[in-house]
There are 2 protein chains.
Amino acid sequence: MALARGPDNVRVEDIAAAAGVSPRTYNNYFSSREQAVVAAVVGDRAAQVAAAVVSRPAEVGVADAVIDAVVALYSDSDDHPRDALLMIANSAVLRACYVDTITMIEGPLTDAVIERCDRIGRLTAQVLSASVGAAAKIAVRQWLQTTSAPPSMPGFVVPSGSLPDLVRAALTPLAPAFDAATTHSARRPPGA
Amino acid sequence: MALARGPDNVRVEDIAAAAGVSPRTYNNYFSSREQAVVAAVVGDRAAQVAAAVVSRPAEVGVADAVIDAVVALYSDSDDHPRDALLMIANSAVLRACYVDTITMIEGPLTDAVIERCDRIGRLTAQVLSASVGAAAKIAVRQWLQTTSAPPSMPGFVVPSGSLPDLVRAALTPLAPAFDAATTHSARRPPGA
DNA sequence: GCAGAATATTGCGTGCACGCAATATTGCGT
DNA sequence: ACGCAATATTGCGTGCACGCAATATTCTGC
């Protein structure tokens, strides 16, 4: 719908009507118009991540399990049609909203991390999950910005390069933190 | 001003008038009313962090330098008067906005990290800085939520416990990532 | 099947964020 | 000092987010 008419030509009234509810009710579920649009594109990230994390074989470490799961999230292109991503890439607000979507995986990710290694502290798991989210945000943001010439004609942003690769590169620096969290060395072994 | 009259009794018009500008101009500088209130309380975090990071002695590693700097941010209580924090803690929107403030330190922090160890990749520095931000957010959010009973009377949230300690605890799991980023082991030495 | 509770939906009213285009202001070169 | 360009400020108009309270709907125990 936003694809057909352009994101700015979709009024809240339209979305509500399409959903068969009042505009006010729509607002009970989406805190902004852009969020509704993005949600329609990405679906339920939380469920995907949960599934992805549990589907990793038990032998691999937490770090790799998490990294693979998140990378997989941005590899399956079925949920992310080219044109939809293009539209998102061309609107600053949609970009921001799309990036914020990543936050929603942090909760489930925390649970998954705790489940995979139950000796880990809750706070640590939260921090690591949030870090993963932050890293993913950076990767996606950077990817969306690829040649995002703001001044110009709509429809000129051309996301290119491998998003999965970029995501993996962004997540890799965090692997040592996961490793350290699972093998409880007090901290800072290099000197001693 | 928000302290005296309550956060909800401050209209944009008032803020603008107090600043001696038109309401529209106020909106060019603050994207929301809450942001203006919070900004008035916290001042310029970016500057503080930059100063804090450079003021660490050169001998200490990046990890400790960063952690100490961020912890220091939440130790100096001069900028964070008790009553102001109480007000923020009691409003969901203000809480969120206050937590989001942390994001503003990521840019300067990235620069500082790169400066301290120039062999580090830009992406890695960004990821680590964002992770620090994410961890700090968790700590602050958790601290603000201490006994934050939503249903009840205004002024009943009592933030307690040591925020600096909580921040440090949240940041500590990230130290190994910093260590690994500075000493370039390819990754995953435990096996080989 | 029914009363009553719990929950979801809706309308209304209020302030607000923000694009746009006009106007005021600052800064620079000569 | 002057004019010009870059930048900051302002008014206006439009949709919108959201609190609140009334209403419709679904969920229980009996």
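Reading the values: the criteria
- Residues numbered from 1 in each chain as written.
- Chains lettered and ligands numbered in written order.
- Predicted model: local features only at pLDDT ≥ 70, side-chain atom pairs only at ≥ 80, totals over all residues.
- Heavy atoms only, no water.
- Near = heavy atom within 4 Å.
- Polar contact = N/O pair within 3.5 Å; in protein donor to acceptor, adjacent residues only side chain to side chain.
- Helix = DSSP H or I, 4+ residues; strand = E, 2+ residues; numbered from the N terminus.
- Nonpolar A, V, L, I, M, F, W, Y, C, P; charged D, E, K, R; others polar.
- Least-squares fit on C-alpha atoms with pLDDT ≥ 70 in both.
- Contact = heavy atoms within 4.5 Å.
- Buried < 20%, exposed > 50% of the residue type's maximum accessible area, 1.4 Å probe, protein only.
- Salt bridge = Lys/Arg side-chain N within 4 Å of Asp/Glu carboxyl O.
- Core = buried A, V, L, I, M, F, W, Y, C linked by side-chain atoms within 4.5 Å.

Per an unreviewed UniProt entry, the recorded name for chain A is TetR family transcriptional regulator, and the organism is Mangrovihabitans endophyticus.

> How should I be thinking about the protein's contact with DNA strand C in this particular structure?
Neighbouring residues of DNA strand C: 14 residues in total, closest S22, T25 and Y29 of chain A together with R24 and R33 of chain B. Backbone sugar and phosphate groups make up 65% of those atoms of DNA strand C lying within 4 Å of the protein. Residue Y29 of chain A places a side-chain N or O atom 2.2 Å away from a phosphate oxygen belonging to DNA strand C. Where the surface near DNA strand C is concerned, the elements lending two or more residues are helix 3 (23–29) of chain A together with helix 3 (23–29) of chain B. Top contributing element to the surface near DNA strand C by residue count: helix 3 of chain A, with four residues. When the residues that make up the surface near DNA strand C are grouped by side-chain class, the tally is four nonpolar, six polar and four charged.

> It is not clear to me how the relation of the copies chain A and chain B should be interpreted in this structure. Could you clarify?
Relating the two copies of this chain is a rotation about some axis coupled with a shift parallel to it. Mapping chain A onto chain B is achieved by rotating through 180° and translating by 0.0 Å along the same axis, at an RMSD of 0.0 Å. Taken together, the rotation and translation relating the two chain copies correspond to the operation of a two-fold axis. Of all interface residues in chain A, 100% are interface residues in chain B too; the two copies therefore contact each other through one and the same surface.

> Got a minute to help me understand the environment of A96 of chain B in this structure?
Residues and elements named next belong to chain B. Position of A96 relative to the elements: it lies in helix 8 (residues 92–100). On the basis of relative accessibility, which here comes to 43%, the residue A96 falls in the partly exposed class. Placed 41 residues apart in sequence, A96 and K137 show a C-alpha to C-alpha distance of 9.7 Å.

> How should I be thinking about the interface of chain A and chain B in this particular structure?
How big an interface is tends to be reported as the loss of accessible area on association of its parts. Contact residues are listed per partner, giving 25 residues for chain A and 25 residues for chain B. Across the contact surface, chain A and chain B share zero salt bridges. Inspection of the region where chain A meets chain B yields zero residue pairs in polar contact (both at pLDDT 80 or more). Elements that contribute at least two residues to the side of chain A that touches chain B include exactly helix 6 (62–73), helix 10 (122–144), helix 11 (163–171) and helix 12 (175–182) of chain A. If one sorts the elements of the side of chain A that touches chain B by residue count, helix 10 of chain A sits on top with ten residues.

> Explanation requested: the nonpolar core in the structure shown.
As a rule of thumb, soluble globular proteins bury nonpolar side chains together. Core analysis: the biggest nonpolar cluster contains 122 residues, and Y74 and Y98 of chain A together with Y74 and Y98 of chain B have the highest contact counts within it. Beyond its immediate stretch of four places on either side in the chain, Y98 of chain A contacts V38, V42, R45, Y74, H80, L85, I88, V140 and L144 of chain A.

> What is the right way to read the pattern of salt bridges from this model?
Pairing between side chains becomes possible if they bear opposite charge and their charged atoms approach one another. All names here are of chain A. In the structure shown here, the tally under the stated rule is seven salt bridges over all chains. Note that R168 is salt-bridged to D68, the shortest N-O span being 3.2 Å. Taken together, the residues R168 in helix 11 and D68 in helix 6 connect sequence positions 100 residues apart. Looking at R168, the relative accessible area reads 35%, which means it is partly exposed. Judged by its relative accessible area of 22%, D68 falls in the partly exposed class. Salt bridges sharing common partners tie together D8, R33 and E34.

> How should the protein's contact with DNA strand D be read in this particular structure?
Residues in contact with DNA strand D amount to 14 residues; listed here are only the nearest, R24 and R33 of chain A together with S22, T25 and Y29 of chain B. Backbone atoms, meaning sugar and phosphate, form 65% of the atoms of DNA strand D found within 4 Å of the protein. At a separation of 3.2 Å, a base oxygen of DNA strand D approaches a polar side-chain atom of R24 of chain B. A total of four residues in the surface near DNA strand D trace back to one element, the largest contributor, which is helix 3 of chain B. Its residues placed into classes, the surface near DNA strand D shows four nonpolar, six polar and four charged.

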